[in-house]
Amino acid sequence: MNIRALFFPDHLYNYYLFPTQYSSIVITANAIRAVIIRAHRNQRFIEKSIEQPINLGEGATAQERTETALRLVIDAIPDKTSIIAVLPSTQVIFKIITIPLMSLAKIKMIIPFEIESSLPFSSAGAAIDCIIIDQNKTTKTAQVLVAATKRSLIEEHLALYKTISYHPQRIVTDAIALCALYTSNYLSVPALQEAVVLINIEDAHSTVLLGNAHAVYNIRVLPYSIGNPSFTEQAINTIQSFVSNTQPQMLPKTLLFCGSSVDKKEFKDIAEGISQTVAIPWTLLSANKVVHSATIHSTLSLTNNLLIPIAAALPQPALSDFNLDQISATQTQQQAITHQVTTSLVIIVALFTLFAVARFVALHTIRTEIELLEKETIEKLKTELHLAIPKSSASSLDAVNNQARTDVINKEVIWFSLSSPNRFSPLRILEELSKHINRDELGLQLQRIIISEDSETMLLEGSVKDFAALRKLEENLRQSPLFKQISNMQDLNFIAKISLDIGGNG
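Residues numbered from 1 in each chain as written. Predicted model: local features only at pLDDT ≥ 70, side-chain atom pairs only at ≥ 80, totals over all residues. Heavy atoms only, no water.

(A) The arrangement of the overall build of the protein in detail. Counting secondary structure elements, the protein contains 15 helices and 19 strands. Going through the 506 residues of the protein one by one, you find that 42% of them count as buried. When the accessible surface of the protein is totalled, it reaches about 27,700 Å², and 55% of it is carbon and sulfur. (Helix = DSSP H or I, 4+ residues; strand = E, 2+ residues; numbered from the N terminus. Buried < 20%, exposed > 50% of the residue type's maximum accessible area, 1.4 Å probe, protein only. Areas by Shrake-Rupley, 256 points an atom, 1.4 Å probe, with all protein chains shown as cover.)

(B) Local environment of the pattern of salt bridges. Taken as a whole and judged by the stated rule, the model has ten salt bridges. The residue Glu47 makes a salt bridge to Arg38 at a minimum N-O spacing of 2.7 Å. Take Glu47: its relative accessible area is 35%, and that puts it in the partly exposed class. Exposure remark for Arg38: the relative accessible area of 26% places this residue in the partly exposed category. Linking Lys108 and Asp129 is a salt bridge whose minimum nitrogen-to-oxygen distance equals 2.3 Å. You can see Lys108 sitting in helix H3 (residues 104–115) and its partner Asp129 sitting in strand E7 (residues 126–136), a full 21 residues away along the chain. A residue is classified by how much of its surface remains accessible, and Lys108, at 25% relative accessible area, is partly exposed. (Salt bridge = Lys/Arg side-chain N within 4 Å of Asp/Glu carboxyl O.)

(C) Empty space enclosed by the protein, seen in detail. Inspection of the entire model under this criterion finds two cavities of 30 Å³ or more. The space that makes up the largest cavity amounts to roughly 40 Å³. What lines the largest cavity is simply Ile93, Phe94, Lys95, Ile115, Ser118, Leu119, Val146 and Ala148. Counting residues per element, the lining of the largest cavity draws most heavily on strand E6 (residues 93–100), which supplies three residues. (1 Å grid on protein atoms, 1.4 Å probe; cavity = no way out; pocket = protein on both sides within 12 Å on 5 of 7 lines; lining within 4 Å. Points joined across faces, edges and corners; volume = space filled by probe spheres on them.)

(D) Representation of the nonpolar core within the structure. Core analysis: the largest hydrophobic core is formed by 74 residues, its most contacted members being Ile25, Leu70 and Phe94. Each residue touching Ile25, except ones within four places of it in the same chain, is listed here: Ile32, Arg33, Ala34, Leu70, Val73, Ile74, Ile77, Ile83, Ile84, Ala85, Val86 and Tyr161. Membership of the second largest hydrophobic core comes to 21 residues, among which are Leu222, Phe231, Leu255 and Phe257. (Core = buried A, V, L, I, M, F, W, Y, C linked by side-chain atoms within 4.5 Å. Contact = heavy atoms within 4.5 Å.)

(E) Quick look at the environment of Ile93. Mapped onto the elements of the fold, Ile93 is located in strand E6. As for Ile93 and Lys150, which are separated by 57 residues in sequence, their C-alpha atoms are 9.5 Å apart. In this structure, Ile93 is in contact with Pro120, Phe121, Val146, Ala147 and Ala148, ignoring residues within four places of it in sequence.

(F) Spatial organisation of the sheet that holds strand E18 (residues 483–486). An order of E16-E17-E19-E18 is seen for the four strands of this open sheet, with the pairing classed as antiparallel. Each having just a single partner strand, strand E16 (445–451) and E18 make up the two edges of the open sheet. Looking at each pair of strands side by side, their axes are set apart by 25° on average, direction ignored. In this structure, E18 lies alongside strand E19 (residues 493–500), joined through three bridges in antiparallel fashion. Among the inter-strand pairings, Gln485 is bridged to a residue of E19, identified as Ser499. (Pairing = 2+ DSSP bridges. Axes fitted to C-alpha atoms, helices over the stretch in contact; angles between N-to-C directions.)

(G) Structural view of the environment of Gln490. For Gln490, the position within the fold is in the loop between E18 and E19. For Gln490, a relative accessible area of 60% puts it in the exposed group. Note: C-alpha distance between Gln490 and Leu470 (20 residues apart in sequence) is 8.2 Å. If sequence neighbours within four positions are ignored, Gln490 has contacts with Phe467 and Leu470.

(H) Just H3, in detail. Taking 1.5 Å as the rise per residue, H3 with twelve residues should run 16 Å; its terminal C-alpha atoms sit 16 Å apart, in good agreement. Residues of H3 that are buried include every one of Ile107, Ile111 and Ile115, and no others. An end-on view of H3 places all buried positions within 50° of arc, on one side of the element. Turned more than 90 degrees from where H3 packs its buried face, Ala105, Lys106, Met109 and Phe113 sit exposed. (Expected span 1.5 Å × (residues − 1). Arc of directions from axis to C-beta.)

Written out as structure tokens, the structure reads:
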């Protein structure tokens, strides 16, 4: 089972998101018939029809010959095709009931209790399902066609498929498929806008139903076909019963004959006799004219015995949820849920694993890039800043950063000592000294000029030629507004402490 099938529906109502193939298989006494229909978007394509005779050779039982023919049919159907098995309606009991309008899921839950009293067998061993054939929103009621049969008959039918190791997706009946087709938008029959009686004649049984394009109002399955003396009489009695029990506005205007037996020679005479007896005109509903060409496409010449296989295989909303094999359907649904949960867990674990691996790879890549960038940064700092870094810490970016920060701080101290307002002070001081001191006249020999970091004091160390020059030096220094206070100089080799007024005169 692929992931798409687990998490995405094939269709939304009657619109198919992905190409999907369906095949129906009808098993009769003489042959097995099947059609393959591909649905995509709102278009239907009849791809292939199969008719496999059940050979009447010697040395094999009827069931063995049926199983051999069925195997050939299954082998001719492409893989990934949903196969629908068609159960003869003679093995099924049908009943039309009226119930309050509600969802199909709720209807399916209450149907067994509604028809239990009318079943000739226990509901515990019954296979029951239904389709909605009419909904009246005014009265808030729904007409439901219920099909019920013994579970043992379902098991017998499935046994044919089990021998070839196959299990059909669903089991429907020909009458249910015919009713679904009758009320679908596939039939291109103008007469269906009025009430008609549709008579489908198969190889061994017939289905008679009354209705129009919107609903089915009565249905009966006859265990007779053309060639059986009781067929004509039973068909007439059924039609007359329908007419007598229906409302005047629902009286049938046309008899529509169809099915695999309408090609027999005696059919026309039988149809004429039934029509004259019930006083209703008749017409033939051939398989080639049963569908709208705008919706269904086929290059095949559709024979009349393919009507039921086509009706069962066509994706129809009314038929899509019908399945007499409810036990297998429930098991399949439970398996699908289990697969969904398991697959979801696997996907979640896989996503987390991929995320963890991707995160590990990304972090490893980032770490590698960081290490490479650190090395490049260290080399760049060492080269550009001419750092002298000990070998023990030469590979540490923090050590290099700290060393670079220390060098920068030291350079900043030197720089800011010369920067505004400080960077103007030494120049200003030297300018004042040169302006007010005549070195040659005083015989001045300066040894050191020390300016404090805050530029508030200055030490002037040097010597003059005599005491007159020393006094002259003091007088000259005091003439400068930059020098606020000058200590007394008593020795020719003097050290003078001078207070500076940089803020007031800078």
